[in-house]
Amino acid sequence: MNPFAPGLFTDRVVLITGAAGGVGGALAEVLAPLGARLVLTDRDGHVLHQRAQALGASAYAADLSEVAQIERLIAHTLQTHGRLDGLAHCAGIWVEGPSEEATEADWQRCIDVNLKAAFFLCSRTIPALKTTRGAIVTISSDAGVVGNAGAAIYCASKGGVGVMTKALARELAPAGVRVNALCPSDILSPMLQFQAERYGAGDPQAYFQRLLAHYPQAESARFLRPEEVAWHAAWLLSPACEGVTGTNAMLDFGLSAGY
Ligand SMILES: NC(=O)c1ccc[n+]([C@@H]2O[C@H](COP(=O)([O-])OP(=O)(O)OC[C@H]3O[C@@H](n4cnc5c(N)ncnc54)[C@H](O)[C@@H]3O)[C@@H](O)[C@H]2O)c1
C-alpha cells in the first residue's frame, strides 16, 4: 500500500531522528526504496546500526537533548553526503503522571528531546536546507492540539512544536524551505507499549482500551501503524507537496475534531 512513485526521493539526502523507534524506523523503510540517501540517528545505537545496515543508510548515534551533539550530527551528515534535502524529527519521549507530582527532571527530559531538539535540529540545518530548498517535518501529536489529562508536560512540548513549526514556515518560506508538523493519534510503536506497561497499573490492555474509548469510531477504533504515519511524513517531505507549509496536519481519526 506504499502510495509513492519509485524514484521520488532519488539522490535526496534525508536526516531521520528517532530512527531506532517506530515512526523513524518506518520512515527510513519508506524512503530507502524511493531512492533517498538516509542518515539515521537515535540514542539507541544497537537497533540503529542494524536498521541502517539493512537499508544501506548511514548511522550516527547521538543524544539529541544536547545541542553540541546535534551540531556534530549535522556536521557528520554534511561531511558524508555534501548536502541535505530533508529533516524528519521523529525522536521523542512520553511523560505521564499527576501534574502535582511532576519533577523538574520530568519537565526537562521531555522538553529537551521533544521541543528543544526539534528547534535546534531545525536551526542548525537551515543553511543546508536553504541551499537545496528542502523540507522539514516534525512529529508532533494530537496531544499538541488538544489536552491529554495526565500528560501536561508532553502536551506542552508538542504544542510548542506545533506553533514553532508555523513560525519557522513563515520565516523560511522566502528561501523555499517548507516546515510542517504531523499530529498523529496513538501509534502502535515501542512508545505506546512503554506507556501501557509503565502507566497501565499492571494492566496494559485496560490502558489501551481507555485510549481507544476516546475515538469517534467506537467499536472500530484502532491505533495507527508506524508506516501510516511514515507515509504522511514522506508525503510532507516530498517535492510533490510543494504548496504545503506551516501545517499541523492531523492524522488522528477525528479525535481532535470536536465531540
Ligand atoms: N506512539 C504514539 O502513540 C505517538 C502518538 C503521537 C505522537 N507520537 C510522537 O511520534 C514520534 C515517534 O514516536 P514513536 O511512536 O516512534 O516512539 P518510539 O519510542 O518508538 O521512538 C522514539 C525514538 O526516539 C529516541 N529518542 C528518545 N530520546 C532521545 C534522545 N534524547 N536522543 C536521541 N533519540 C532519542 C528513542 O530511542 C526511540 O528510538 C515521537 O515524537 C512521539 O512523541 C507518538
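A quick note: this is a predicted structure, and the numbers were derived from the prediction, not measured. (Residues numbered from 1 in each chain as written. Predicted model: local features only at pLDDT ≥ 70, side-chain atom pairs only at ≥ 80, totals over all residues.)

**Structural notes on the overall build of the protein chain**
- Secondary structure summary: the protein chain contains 8 helices and 7 strands in total.
- Over its C-alpha atoms the protein chain spans a radius of gyration of 17 Å, differing by no more than 12% from the 18 Å that the globule rule assigns to 259 residues.
- Counting only C-alpha atoms, the protein chain reaches 50 × 40 × 35 Å along its principal axes.
- Taking all 259 residues of the protein chain together, the buried fraction comes to 44%.
- For the protein chain, the share of sequence-separated contacts (at least 6 apart) that also reach a separation of at least 24 residues comes to 71%. (Helix = DSSP H or I, 4+ residues; strand = E, 2+ residues; numbered from the N terminus. Rg over C-alpha atoms; globule rule 2.2 N^0.38 Å. Buried ≥ 20, exposed ≤ 12 C-beta atoms within 10 Å, placed from the backbone. Contact = placed C-beta atoms within 7 Å.)

**Things to note about the pairing of strand E3 (residues 58–61)**
- Note: strand E2 (residues 37–42) against E3, 4 bridges, orientation parallel. Looking at E3, one finds that Thr41 is bridged to Tyr60. (Pairing = 2+ DSSP bridges.)

**Structural notes on the environment of Gln69**
- Tracing the sequence through the fold places Gln69 in helix H3 (residues 67–81).
- Along the primary structure Gln69 and Gln50 are separated by 19 residues, whereas in three dimensions their C-alpha atoms are 21 Å apart.
- Beyond its immediate chain neighbours, meaning those up to four positions away, Gln69 contacts Ala62, Asp63 and Leu64.

**A look at the site of the ligand**
- Lining the immediate surroundings of the ligand are 26 residues, of which Gly21, Gly22, Gly92, Ser189 and Met191 lie closest.
- Looking at the shell around the ligand, the elements that each hand over two or more residues are helix H1 (22–31) and helix H6 (190–199).
- Residue composition of the shell around the ligand, grouped by class: 13 nonpolar, 8 polar and 5 charged. (Near = placed C-beta within 6 Å. Nonpolar A, V, L, I, M, F, W, Y, C, P; charged D, E, K, R; others polar.)

**Details of H3**
- Taking 1.5 Å of rise per residue, 15 residues should cover 21 Å, and H3 covers 21 Å from first to last C-alpha, within 8% of that figure.
- Among all positions in H3, only Ile70, Leu73, Ile74 and Thr77 are buried. Taken down its axis, H3 places every buried residue within 95° of arc, on the same side. Those residues of H3 that are exposed and aimed more than 90 degrees away from the buried face are Ala68, Ala75 and Gln79.
- On its buried face, H3 sits against strand E1 (13–17), E2, E3 and helix H4 (104–132).
- Among the residues trailing H3, Gly82 stands out with phi positive, at a value near 80°. (Expected span 1.5 Å × (residues − 1). Arc of directions from axis to C-beta.)

**Focus: the nonpolar core**
- Counting 63 residues, the largest nonpolar core has Val14, Ile16, Leu27, Leu31, Leu38, Leu40 and Ala233 as its most contacted members.
- Apart from residues no more than four positions distant in its own chain, Ile16 is found in contact with Gly24, Leu27, Ala28, Leu38, Leu40, Ala88 and Cys90.
- Counting 7 residues, the second-largest nonpolar core is a separate cluster that includes Ala143, Ala151, Tyr154 and Cys155. (Core = buried A, V, L, I, M, F, W, Y, C linked by C-beta atoms within 7 Å.)

**Let's talk about the sheet that holds strand E6 (residues 178–184)**
- If you trace the 7 strands from one edge of the open sheet to the other, you get E3-E2-E1-E4-E5-E6-E7, paired in parallel fashion. Here the strands that pair on one side only, and so sit at the sheet edges, are E3 and strand E7 (248–251). Averaged over all pairs of adjacent strands, the angle between strand axes in this sheet comes to 20°, irrespective of strand direction.
- Against the sheet, helix H5 (residues 152–172) makes contact with strand E5 (135–139), E6 and E7, and its axis sits at roughly 160° relative to E6, the strand it touches most. (Axes fitted to C-alpha atoms, helices over the stretch in contact; angles between N-to-C directions.)

**Thoughts on the packing of H4 against H5**
- Their axes nearest at 9 Å, the elements H4 and H5 cross at an angle of 15°. Regarding the angle of H4 to H5, the classification is roughly parallel. Classified by chirality, the crossing of H5 by H4 is right-handed. Between H4, through Asp106, Trp107, Cys110, Ile111, Asn114, Leu115, Ala118, Phe119, Cys122 and Ile126, and H5, the contact on the second element is made entirely by Ile153, Tyr154, Ser157, Lys158, Gly160, Val161, Met164, Leu168 and Leu172.
- For the contact of H4 with H5, a count of residues per class yields 14 nonpolar, 3 polar and 2 charged. (Parallel < 35°, antiparallel > 145°, perpendicular 65-115°, else oblique. Left-handed = near helix turned anticlockwise from the far one by under 90°.)

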